[in-house]
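Survey of secondary and tertiary structure
This is what each chain is made of:
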Amino acid sequence: KAGVTQTPRYLIKTRGQQVTLSCSPISGHRSVSWYQQTPGQGLQFLFEYFSETQRNKGNFPGRFSGRQFSNSRSEMNVSTLELGDSALYLCASSLASSGNTIYFGEGSWLTVV
Amino acid sequence: ELKVEQNPLFLSMQEGKNYTIYCNYSTTSDRLYWYRQDPGKSLESLFVLLSNGAVKQEGRLMASLDTKARLSTLHITAAVHDLSATYFCAVDIQSGNTPLVFGKGTRLSVIA
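These lines cover the structure that appears in this document, whether it is placed above or below. (Residues numbered from 1 in each chain as written. Chains lettered and ligands numbered in written order. Predicted model: local features only at pLDDT ≥ 70, side-chain atom pairs only at ≥ 80, totals over all residues. Heavy atoms only, no water.)

So, about the overall build of chain A. From N to C terminus, chain A includes zero helices and 11 strands. Against the compact-globule benchmark of 13 Å for 113 residues, chain A has a radius of gyration of 13 Å, which places it among compact chains. Buried positions account for 50% of the 113 residues belonging to chain A. Sequence separation of at least 24 residues holds for 52% of the intrachain contacts in chain A that already meet a minimum separation of 6. For chain A, the exposed surface amounts to about 5,300 Å²; the carbon and sulfur share of it is 48%. Here chain A contributes 10 positive and 6 negative side-chain charges, whose respective centroids are spaced 2 Å apart. (Helix = DSSP H or I, 4+ residues; strand = E, 2+ residues; numbered from the N terminus. Rg over C-alpha atoms; globule rule 2.2 N^0.38 Å. Buried < 20%, exposed > 50% of the residue type's maximum accessible area, 1.4 Å probe, protein only. Contact = heavy atoms within 4.5 Å. Areas by Shrake-Rupley, 256 points an atom, 1.4 Å probe, with all protein chains shown as cover. Lys, Arg positive; Asp, Glu negative; His and termini not counted. Charge placed at Lys NZ, Arg CZ, Asp CG, Glu CD.)

Further remarks concern the interface of chain A and chain B. In many reports, interface size means the accessible area that the parts give up when they come together. Taken together, the contacts link 23 residues of chain A with 19 residues of chain B. Of the roughly 1,700 Å² buried between chain A and chain B on both sides combined, carbon and sulfur atoms contribute 54%. Our enumeration of links across chain A and chain B arrives at zero salt bridges. At the boundary of chain A with chain B, the tally comes to four residue pairs in polar contact (both at pLDDT 80 or more). (Buried area = accessible area lost by both parts, 1.4 Å probe. Salt bridge = Lys/Arg side-chain N within 4 Å of Asp/Glu carboxyl O. Polar contact = N/O pair within 3.5 Å; in protein donor to acceptor, adjacent residues only side chain to side chain.)

Okay, the nonpolar core next. Across soluble globular proteins, nonpolar side chains have a tendency to be buried as a group. Ranked by internal contacts, the top residues of the largest apolar core, which has 25 residues, are Leu-32, Trp-34, Leu-74, Ile-76, Tyr-87 and Leu-108 of chain B. Here the element with the most residues in this core is strand E9 (residues 85-92) of chain B; it accounts for four residues. Setting aside residues up to four positions removed in sequence, Leu-108 of chain B forms contacts with Leu-11, Met-13, Ile-76, Leu-83, Ser-84, Ala-85 and Tyr-87 of chain B. By size, the runner-up hydrophobic cluster in this structure holds 21 residues, among which are Leu-11, Val-78, Leu-81 and Cys-91 of chain A. (Core = buried A, V, L, I, M, F, W, Y, C linked by side-chain atoms within 4.5 Å.)

With that settled, consider the packing of aromatic side chains. Per the stated rule, a full pass over the model turns up 10 aromatic pairs over all chains. Taking 5.2 Å as the distance between ring centres and 90° as the angle between the ring planes, the aromatic pair formed by Phe-104 of chain A and Tyr-35 of chain B counts as edge-to-face. Taken as a pair, Phe-104 of chain A in strand E10 (residues 103-104) and Tyr-35 of chain B in strand E4 (residues 32-37) lie in two separate chains rather than in one. Overall, Phe-104 of chain A belongs to the buried group, its relative accessible area being 9%. Accessibility expressed as a relative area gives 0% for Tyr-35 of chain B, which makes it buried. (Phe/Tyr/Trp six-rings, centres within 6.5 Å; stacked < 30°, edge-to-face > 60°.)

Glancing now at the environment of Val-78 of chain A. All names here are of chain A. Residue placement: Val-78 occurs in strand E8 (residues 74-78). Relative accessible area serves as the criterion here: at 1%, Val-78 is assigned to the buried category. For the pair Val-78 and Val-19, spaced 59 residues apart in sequence, the C-alpha separation works out to 5.4 Å.

Turning our attention to the state of the cysteines. Within the structure shown, the criterion is met by two disulfides over all chains. The disulfide that involves Cys-23 of chain A links it to Cys-91 of chain A, with 1.8 Å between the sulfurs. Measuring handedness by torsion sign, the sulfur bridge of Cys-23 of chain A and Cys-91 of chain A sits at about -65° and is left-handed. Separated by 68 residues along the polypeptide, Cys-23 of chain A in strand E3 (residues 19-24) and Cys-91 of chain A in strand E9 (residues 87-94) bring together distant segments of the chain. According to the relative accessible area criterion, Cys-91 of chain A is buried, its value standing at 0%. Covalent S-S linkage joins Cys-23 of chain B and Cys-89 of chain B, the inter-sulfur distance amounting to 2.0 Å. Taking the sign of the S-S torsion, 80° for the link of Cys-23 of chain B and Cys-89 of chain B, the bridge is right-handed. (Disulfide = S-S within 2.5 Å.)

Here it is as structure tokens:
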């Protein structure tokens, strides 16, 4: 079956702009979470959605937001981009119950110039 | 706040040798994950460990979990070049299928 699909894969934005990243989870997975990966900070949790509700949120400023649709697809948005937002943004999906494998997408590489 | 520490952070090992990567975490948890990441790629799930004493093996990799010691290990047996990658451990911080807290990763390089 298809894995976690993220679009776009690569993008370059200018400081002050905003960006929207999209994630389609594995079919049947209702939990979608987002992570930011940078060389300095490593992998950091952004937010998690389940059945269109944000269930958890990491320690990121309000410029970072997300949502989940009824088909479990998710988007995250970053407004007023800063140079430090340059990172690999990873989406992950899993089944609802605990202890299941969490599958990651290929990621969206964002460069802010 | 849950902290997850991996060591070593960098590991260069010869083909055919054995080695262990350690993952310590600071808060009680019985769910630990190991992932592999190749350069420029996403995270590939290796193991999910769900209870104290859990041991899982896949090829030359074996992972174990000791929840009392808050320690997981990833043992590499007879390393081959194809195992060169960065390995991450990650721990749940709440009940349910919840966000993971990752270690900084161990960059493994297997040389001939």
